[in-house]
Structures are given as structure tokens and as C-alpha cells.
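If you want the building blocks of each chain, they are given just below.
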Amino acid sequence: MPTVVLTGDLRRYTGLGEQGQIEEVQVQALNYRAVRRELQAMFPLLEDAVLDKYGVAIDGVMVQTPLLETLEPDSELVFIAKIAAG
Amino acid sequence: MRDAVTNRFKVIGTRSVRPDGIEKVTGQANYGADYSLPGMLWAKVLRSPHAHARITSIDLSAALAMPGVHAAITSDVFPDLKAGMEDSGEGEVDFHDLSCNVMARDKVLYHGHAVAAVAATSERIAEQALAAIKVDYEVLPHVVDIGVAMAADAPVLHQDMFTVGLAEPAAAPSNIASRSEISQGDLAAGFAQADIIVERSYRIPTAHQGYIEPHACVVSVNQDGQVDIWASSQGHFMVRDYTSKVLGVAVGSIKVTPAEIGGGFGGKTTVYLEPVAAALSARSGRPVKMVMTREEVFRATGPAAAGIVNVRIGARDDGKLTAMDSEVILDAGAYKGSPAATGARCMYAPYNCDNRRTVALDVVTNTAKTAAYRAPGAPQAHLGVECVLNEIADSLDIDPIDLRLLNAVDEGDRAFFGAKYRAIGLKQTLEAAKAHPNYHRPLANGQGRGVAVGFWFNFGLQSSATINVHEGGTVAVITGNPDIGGSRASMALMAAEALGVPLETIKPHIADTESVGYNDLTGGSRTTFASGWAVINAAEKIVESCRQRAAALWEVDVETVSWADGAAVCAGHDPLTLAQLAAKADVTGGPLTASASLNAKGAGPGFAVSLCDVSVDRDTGKVDIISFTALQDVGKAIHPGYVEGQMEGGAVQGIGWALNEEYIFDSQGRLENPGFLDYRMPVASDLPMIDTVIIECPNPGHPYGVRGVGEPPICAPMPAVTTAVNHAIGAHLTTLPLTPERVLAALDSL
């Protein structure tokens, strides 16, 4: 099952452990849309408006269009707060 | 992958002549202020004389009555946009705040905040008309220091701003816009394992990007509502989109033509003038030109954030890090949105450590809204961590590079911000630093050395490119990113490589917003990576089309046709060059052209190392940089000369921020040094030659191995310089800039 890494402030919406801690959860999903559905079933506060504020890295690669990506059973998906640059 | 990428190129990696060089050195290139249109008016902005005040009334009538004045506006002409963050490609933007920054609504939030604007037949008349505008203010208490702004009794800028990110909802409005935290492991246990703990608090001043070219634009709105903009920026699609939002008009009614840009460094990633000029043009029926003065640039455009960075790090006797705890507090200026959280994600990125935490606070003050300045937030954050690591190395008597190598991340390690690294070149860069002759040069009395590491994520995002092959074989490569750091050259090199043709046949162009597909702005060190990738994809489409055309001419299966050295090749036939195929385009399918767009994934992070030697005059406190070495993993250097230029530029900007540059405010919140005479940037005579070392660890996420280059070079100089000065004088200075006064005071206190 793919692993989802929830970093930093996402923990506010999951209630897992202390605020800010990085946490991993397993999901039975092989595409990004299914990952979101499963996360939202586990953590109802993780609404679309919350997840939309995060970028996504899949297997170490920052992905701009996660909806087009497929996941492998051993994939790792990380939500990372969006950043601005100069 | 690494050898394959590094060794396979014919054109990439050469130091070609820059395509835009002649136009720029002969003065023929057109920058923002060089554009003029028939019947054009000049516009000027009336700016707030107060750092914080409520606007009780504005009377434009006397200005409008003056001969030569054609239009005058306040913020009333702009729609009142809904507050809230919206995705804008690179990060998020609150367009309500952006609109209020373009022109103040009910309150002015900093000295120099735009209040009204006038368009007239000459600059002089426009300036005279500003004096005729009557504005009544109710002056309010102000705060320009982030430390003071966080106090419970500080003047509050926004009564509707409540700190986001607290464990419990905030009960009262605050100047702290947000708090964010990332943590791993068990901090208390980590510090308990430490043999040494060092804790410091650093202060970083507000610094301006210091681009030579002031903001400038010409805008013409015709009677159909079509808006034409000529402007200097880091992204003309950004100018189009932001202007559309502020004006409340459709994106499709705005066309932006990019001017050459005389420096940006992150400071030209937003709009200040374009919506104002458009509103004035719409009202006057005439084109309107606006050019900021240097003083306006300093007072009213986004400088880099001031900061307070508190760092506590623990390590074992052998140098292994056991715990890292930091607080990054950055100044957003008048509206929320400092890069505190971004800096916090960068500061531990070079290192492994099981127990660590960052807390980032975004704080507003009565100063101009801050903007990006290369790797925004990272230089400030790295200052704290890197200086403390040097202090730990000193205390443990470990070479500071060895300490970093012991803790450095490598492929497969999880970065502090969450993702696992793919191929990265941090260790190679550190090893190159340790082997560099400058690291072994003996130091004299009064001299000191500093080492530091910097990190930046690098970006992908959206890019488009079109390639047109002309009869005769010349190739137009059309992209949509302003050329700030040599992107014309890198686009041309990548096109020549992909097509297999001589570089001289490639003509790179930067098209307006109607003439090429969408491009996110030039920033985040994304253009060579993402726009270059679009160019490669378009070139590969050309190659594929050429193979098909040659197959048709030869009456062979396309699978028997290959492409080599710029020509279609098939056994039994003479090769057909790109020029020959272009000459036959009319009978083989029509014009030889291809476009490609992508939202690029796979940006490879970049690491940089700075080595700095300084000499300190113990009588005057003056610091001289006697040696500076910038080393960086750049992926594949498409044009090594431009890459070195980025590294040198970042080094110089970091040196300036460390030693001289700062905003100085008077008791009324007015900036006292809004010009290059009093805001002291380093010039050539202040600096030694900057030594550069390019490390090439190709990014596996890009077809040519490209990483971003422009951001990491500014991340490490501040801590390297600060450490060098502290070593030279035997002190622990933590407040920047390290002016002669501060250095003397430190010497006196020893």
C-alpha cells in the first residue's frame, strides 16, 4: 500500500500526535484522487480546501499535476506546503 | 545517468556568445522606461507621508482642474476584491491585499504607500498636480520592528487579522499572521543526548534587491477595453493575470509585451504600477507611462524580509547532531505573506538529525510589503543554523566541513520538509570546498574564515515554447519568460543540442502573452529547467516531423530514418539537413513548426557552499573580504559562464546583506536611506574576485540534468561572512549588518 507522509501543519487536521510532527499513514489507493478520498475518510478535517494548499511529491519527485500520476504499491506521497520563490 | 548526461553533449556546456549581448552593450535594448507611444501621458503617484494612518478624505478636484491633467484616481476605481489566498502558480496571493498595496483604501500602512495618482501631459505637470491633491489623515501609532510588532500592546495593522495556526483559535487580532511548525522525533531526548548545546538569536535587517532598473511601464487602453501593457517584470503573464485581478477585467482583454529587465532577483514578481496606469489610461483615453524614481523603489516596492532567527542545536562530542530547534520570524511588511515557513523548510535541509523542530512566524509591520529576494527566507534561516554549526565545530575542535560531511544528507535520505532526496551533490560540493586551495590559505592576524551551506528546492511549474524553422535552416525559438539570467542563451543551447544544428542558426525570442503559450514567471530558478524542457520537447517534435518528411521524400519507412548532426539519415540516401528539409516544407506538409507546453515535475534541489576569508581593521571596524569562494551543485551547467555569473551575483548580494545593507527608519517610520548613496551595496572596488566552482550532479528529473542555479548562491554568504568576522575578532556578533560601528563595539566589549 502506498505511504502518505503528512508534514507540519497538516497534523492540525488529523489529530495525530503532537502538532507539527511528521506522520506516515498507509492508504489503499493507486492514484492521487483515491489517496485524497481515503485521507478524507480517515481525517474529515482534511477538506479539499486544506489539501489544495499543499504541493505533492511522489517518490521524491515534486509533481505539479498529481491527478495525472499513478502510484505503485510501494510509492510514497508527501504533502508539502506550497512555497513562493524569487 | 551522471556520466551519460555529462558526456553526451556537443553544444551544451560551451561558453557561447550571449544572444542579447550586442543590443545591451550598445544601448539598443529596450527596457521598461524606453517605451513611448504617440499621445502618451505621464503618471505619478501620491504617496503617504505617514507610516500608519486612516484616510479620512481625498479631494482630487484641484488636481483635475489643472491644465494638462487628464485623469486622477484613488482606489475607488478598483473593485474591492474578496480577501483570501488564491493559488498563483508560485505560492499563493491574496488579491485583496495586492490591490490595497497597489493603492491604499481606508488606511495607509507604510510611509510611501500609494494613495492617489495623476496622469498629465508631462512629468512636471503630473508632479505639480500631486501637490494639489488634498488628503486628510488620522495618524495612527506605527510599528516597523518585528520584535515590537509581536508584543501584545503593539499597534495592530489589520483589525481583521487573527493568527492562523495556533493550537486554539486566536481571540484577538494580531500582527502575527500565521504560525507554522514542523517537527520530527523527540527534542528533549535529542538535547539530552548532546554533549554540547549552542543557542543563539540572530537579527537580520531589511534589505532591498537593489536591481538597477526601476519599475516602469507603458499602458494603453483602447475604446474597446483592450489593454496593452509594455513592462519590465519577471513574468509578463503574471503582470497580465495580476492586473486583470486588480482591474476586474478579463485576462483575455490584456496583452503584455515584455521589456528587457534590468534586474529583479524576486522583486519584480508582483505589480505596482500597471493597474494604476491602466486605470488612468482608461479614463484619459490616452496611453500612460509610469516610471518609479529610485526613492519610490526603496520606499514602496518589496524589499527582502527582516528577520529574527533563534536557533538551538545539540551535538555529540564526535560532531553528530542530536537535536535542532529553531524559530524563524520574518517581516511580511504591511500585508501577510513573509517567507518564514519557506525559510524554515530550508534551514535543516542539508542535514540529517532525528530530533528537530522549526516554528515559523509571519509578522506584519508598517513597512513596504516585502517581496522575494532569491531563495526567499532561506538566507535568513540559514544564517542562524550555519553560524551555530560553526560554533559547535569550534567548540569540538572539528573541521567545520567535516562536521557538515558527517551530518550531510545524500540520495535516499528524507529531507526535513518531507520528501526523500533523489541524486544530490551536497557531499561532492563539501568535498570540493575542503579540497579548494582557498580553504588552506594561511590566515594572518586579524583575519578569519567562515564556511556555510545553503539550500533551495528549485521549481518546475508551467512553461511553453514554439520553434519555427525558416527556409535556409535558421530556427526561431520562442519562449515566454523574461531573460533575467541568460535564459535566451540556455534556450538556444538546448534547442541546438536537441536539433543537432549549429548554435549560430538558433535565434531565441521572448514573445508577448498572445504569441506563445502560458508561462509562469521567471523565478524559483525554474526557467532553464522548465522552459528549457519545453524547448527540448518542441525540438524533438521538429525532429520527428523531419524524419517523417524525409521518409516521404525518400519513399521509405520512417522507422528506417534516423536523425544525426542536424540531418535525416537513411542508408542509401544522402542526408537531408534541417535547412534542406525546411526548403521542401511546402511539399512535405507545410511550415516546419512545433509547440510544446508542460507543467514540469522533477525539479532537483540545489546546494551551495560558501568559503569566506575576511580581514578586520581593529581601529576602524571595517571588514574587507579578502577571498570568497562559491561552490554549487548546479546539475548540468547549460552555459557555464552564466552559471558562474549567478554564483558570483548571489555571493555579492549575500556579502552586502551581511556587511552593509539595511533599511534605517526614523522615529516616524520613515525610511532614511532610500538611495544608493546611503543604502550601501557592495561595488567592484569593495570585493575580491569571486572564485567559483561548478559541481555537476545531474538532476535525474530533467532530460539534460538541469537544476536551478539562481537561488542557492545567496543562501550561504551571510553565515560564512558572519563566522569569518567572528573568527577574526574572537566575538559572537549576531546582529547584521556587521557595520564598522558594530564590529568596533564588539571589539571594545572583549
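Every chain is numbered on its own, with residues counted from 1 as its sequence reads. Chain letters and ligand numbers both follow the written order, the letters beginning at A and the numbers at 1. At least 70 in pLDDT is required for a residue's local features to be given in this predicted model, at least 80 for side-chain atom pairs to be given and counted, and no such filter applies to totals for whole chains, interfaces and linings, which use all residues. Only hydrogens and water are set aside when side-chain values are computed; all heavy atoms of the structure are taken into account.

- An unreviewed UniProt entry lists chain B under the name Xanthine dehydrogenase family protein molybdopterin-binding subunit, with Candidatus Litorirhabdus singularis as the source organism.

- Looking up chain A in an unreviewed UniProt entry gives the name MoaD/ThiS family protein, with the organism given as Candidatus Litorirhabdus singularis.

### Examining empty space enclosed by the protein
Residue and element names in this part refer to chain B.
Okay, step 1: Here a cavity denotes grid points, spaced 1 Å and computed from the protein atoms alone, that fit a 1.4 Å probe unable to get out, and a pocket denotes an open set having protein on both sides within 12 Å along at least 5 of 7 lines; residues with an atom within 4 Å of a point are the lining. Grid points are joined across faces, edges and corners, and a volume is the space filled by probe spheres set on the points. This structure, assessed with the given rule, holds six cavities of 30 Å³ or more.
Okay, step 2: In this structure, the largest cavity spans a volume of roughly 100 Å³.
Okay, step 3: For the largest cavity, the lining is made up of 14 residues, of which Arg299, Thr367, Ala368, Tyr663 and Phe665 are closest to its centre.
Okay, step 4: When its residues are assigned to classes, the lining of the largest cavity shows seven nonpolar, five polar and two charged.
Okay, step 5: Lining the second largest cavity, in full, are Val45, Arg47, Asn101, Val102, Tyr110, Ala114, Tyr272, Leu273, Val276, Met292 and Ala300.
Okay, step 6: Runs of E in the DSSP output that reach at least two residues are strands. Runs of H or I that reach at least four are helices, and both are numbered from the N terminus. Of all the elements in the fold, those that place two or more residues in the lining of the second largest cavity are strand S1 (41-47) and helix H4 (95-102).
Okay, step 7: Residue composition of the lining of the second largest cavity, by class: nine nonpolar, one polar and one charged. All amino acids are sorted into three groups, where Ala, Val, Leu, Ile, Met, Phe, Trp, Tyr, Cys and Pro are nonpolar, Asp, Glu, Lys and Arg are charged, and the leftover types, Gly among them, are polar.

### Side note on the sheet that holds strand S11 (residues 216-221) of chain B
Residues and elements named next belong to chain B.
Okay, step 1: Taken in spatial order, the seven strands of this open sheet run S3-S7-S1-S14-S11-S12-S13, and their pairing is mixed. Each of the sheet's edge strands pairs with one partner strand only, and the pair in question is strand S3 (69-73) and strand S13 (254-258). The average undirected angle you get between the axes of adjacent strands in this sheet is 20°.
Okay, step 2: Paired strands are those between which DSSP finds at least two bridges. Sheet topology note: the S3/strand S7 (residues 114-120) ladder contains four bridges and is antiparallel. Across the sheet, the residue bridging to Val69 is Ala120, located in S7.
Okay, step 3: Residues are treated as being in contact if the distance between any of their heavy atoms lies within 4.5 Å. For helices, the fitted line uses only the C-alpha atoms of the stretch in contact; every axis is such a line through C-alpha atoms, and the angle between N-to-C directions lies from 0 to 180 degrees. Those strands touched by helix H5 (residues 123-132) are S1, S3 and S7, and its axis lies near 30° from that of S1.
Okay, step 4: Helix-sheet contacts for helix H8 (residues 236-247) involve strand S12 (227-231) and S13, and the interaxial angle to S13 is about 150°.

### Focus on the pattern of salt bridges
Okay, step 1: Any carboxyl oxygen of Asp or Glu that lies within 4 Å of a side-chain nitrogen of Lys or Arg is treated as forming a salt bridge with it. In total, this model carries 44 salt bridges over all chains according to the counting rule given.
Okay, step 2: One salt bridge connects A:Glu69 with B:Lys601, and the closest N-O pair in it is separated by 3.1 Å. In this pair, A:Glu69 sits in the loop between strand S4 (61-63) and strand S5 (76-81) while B:Lys601 sits in the loop between strand S25 (592-600) and strand S26 (606-616), so the two residues belong to two different chains.
Okay, step 3: For A:Glu69, a relative accessible area of 16% puts it in the buried group.
Okay, step 4: Only protein chains enter the accessibility calculation, which uses a 1.4 Å probe; a residue whose area is less than 20% of its type maximum is buried, one above 50% is exposed, and one in between is partly exposed. According to the relative accessible area criterion, B:Lys601 is partly exposed, its value standing at 33%.
Okay, step 5: Sharing partners across several salt bridges, the network here consists of B:Arg18, B:Asp20, B:Lys24, B:Glu260, B:Asp483 and B:Arg488.

### Digging into the interface of chain B and chain A
Okay, step 1: Contacts between chain B and chain A engage 44 residues on the former and 29 residues on the latter.
Okay, step 2: Once two parts are joined, some of their accessible surface, as seen by a 1.4 Å probe, is lost; buried area is that loss totalled over both. Interface area for chain B against chain A, summed over the two sides, is near 2,700 Å², with a carbon-plus-sulfur share of 51%.
Okay, step 3: Among the salt bridges present, the one from A:Lys53 reaches B:Glu92, with a minimum N-O distance of 3.4 Å.
Okay, step 4: Within 3.5 Å is the distance limit for a polar contact, defined as a pair of N or O atoms, with the added protein rule that one can donate a hydrogen and the other accept it, and that residues adjacent in sequence qualify only through two side-chain atoms. Inspection of the chain B/chain A interface yields five residue pairs in polar contact (both at pLDDT 80 or more).
Okay, step 5: Tallying contributions element by element places strand S9 (residues 176-184) of chain B first for the side of chain B that touches chain A, with six residues.
Okay, step 6: Across the side of chain B that touches chain A, the residue classes tally to 15 nonpolar, 17 polar and 12 charged.

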